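Structural characterization, general
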Amino acid sequence: MNVVNLFRIITPMKNTLQQTFGNIDIYLFDQLLKGRYDNCKKVIDIGCGAGRNLHYFFSSGYEVFGIDQNKQAIETVKELSAKLAPQNPLTNFSVSKADDLNFDDSSFDVAISSAVLHFAQDEAHFDCMVRSIFRILKPGGYLFARLASDIGIETLVKPIGNGRYLLPDGSERFLVNTQTLLKYTDTLNGKLYEPIKTTNVQNLRCMTTWCVQKQ
């Protein structure tokens, strides 16, 4: 097969993947490939932004919700919802905070929290956000979280108080470690459905994936 024909095959495939999954977090994509959420029906993205992690859920018949503190982001994700899932109510999206979720207990099968929890102001704020998310998860429900950690760069981060650190990349984040995540997993009566995984970006920052199932 020559290069031209190969390009003709790959290009439509690439376009289809982009349409189906959008610019999805690669570790969330991994969970979809494993069929982790196949039997779930109701998903919420906490800190949804413009909906980068929601394309697949919109297109696959899930009831999709999202909250974000940014009003423009909510308007954008509503447009995406209207385009990909016209049956999904636009009222499912609202301006809100992770520590003050206006949903009933045990409402969702899946909660996504990507690059949100590390904006906690201090340990109490982090605790409030995590407990708020777990409250709205159904028993058996899944939390998928990606957040900054000090795992692997413990000696390179500088504490600035309240559980927050200055990272080598110049950003300031609330950082967790493995012990913190395991403690919350146990305290909130959860279990890991995927081992804790951390990506080290050239010792500038580390992002950890925390996947917990509510018992």
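In what follows, the structure referred to is the one given above.
Residues numbered from 1 in each chain as written. Predicted model: local features only at pLDDT ≥ 70, side-chain atom pairs only at ≥ 80, totals over all residues. Heavy atoms only, no water.

**Thoughts on the packing of aromatic side chains**
In the structure shown here, the tally under the stated rule is 14 aromatic pairs. Look at Tyr56 and Tyr62: their rings are 6.2 Å apart centre to centre, the planes differ by 50°, and that puts the pair in the tilted class. On the accessibility criterion, Tyr56 (18% relative accessible area) is buried. The buried category is assigned to Tyr62, whose relative accessible area is 6%. Residues Phe126 and Tyr184 carry aromatic rings whose centres are separated by 5.5 Å and whose planes lie at 75° to one another, so their mutual orientation is edge-to-face. One end of the pair, Phe126, is in helix α5 (residues 123-136); the other, Tyr184, is in helix α6 (residues 178-187), and 58 residues separate them in sequence. (Phe/Tyr/Trp six-rings, centres within 6.5 Å; stacked < 30°, edge-to-face > 60°. Buried < 20%, exposed > 50% of the residue type's maximum accessible area, 1.4 Å probe, protein only. Helix = DSSP H or I, 4+ residues; strand = E, 2+ residues; numbered from the N terminus.)

**Topic: the sheet that holds strand β8 (residues 172-174)**
Strand order in the open sheet made by the three strands is β6-β7-β8, with antiparallel pairing throughout. The sheet is open, and its two edges are formed by β6 (158-161) and β8, each paired on a single side. Taken over all neighbouring pairs, the strand axes of this sheet differ in orientation by 35° on average, direction set aside. Note that β6 and strand β7 (residues 164-166) share three bridges and pair antiparallel. Bridging across to β7, Lys158 finds its partner in Leu166. (Pairing = 2+ DSSP bridges. Axes fitted to C-alpha atoms, helices over the stretch in contact; angles between N-to-C directions.)

**Quick notes on the pattern of salt bridges**
If the charged atoms of two oppositely charged side chains come close together, the side chains can form a pair. The final tally for this structure, using the stated rule, is nine salt bridges. Notably, a salt bridge pairs Arg36 with Glu194, separated by 2.7 Å at the nearest N-O pair. Here Arg36 is found in the loop between α2 (26-33) and β1 (42-46), whereas its partner Glu194 is found in strand β9 (residues 190-201), with 158 residues between them in sequence. Residue classification places Arg36 among the partly exposed residues on the basis of a relative accessible area of 24%. The network of salt bridges with common partners includes Asp30, Lys34, Arg36, Glu194 and Lys197. (Salt bridge = Lys/Arg side-chain N within 4 Å of Asp/Glu carboxyl O.)

**Structural notes on the sheet that holds β9**
The strands making up a sheet associate through backbone hydrogen bonding, with each pair oriented either parallel or antiparallel. One open sheet holds the seven strands; their spatial order is β3-β2-β1-β4-β5-β10-β9, and the pairing between them is mixed. Pairing within the sheet leaves two strands with one partner each, and these edge strands are β3 (93-95) and β9. The mean inter-strand angle of the sheet, taken between neighbouring strand axes irrespective of direction, is 10°. One ladder, built from three bridges, connects strand β2 (residues 63-68) with β3; its direction is parallel. Note that in β3 the partner of Gly66 across the bridge is Phe93. The sheet strands contacting α2 are β4 (108-114), β5 (137-148), β9 and β10 (205-214), and the helix crosses β9 at an angle near 140°. Those strands touched by helix α4 (residues 71-84) are β2 and β3, and its axis lies near 175° from that of β3. (Contact = heavy atoms within 4.5 Å.)

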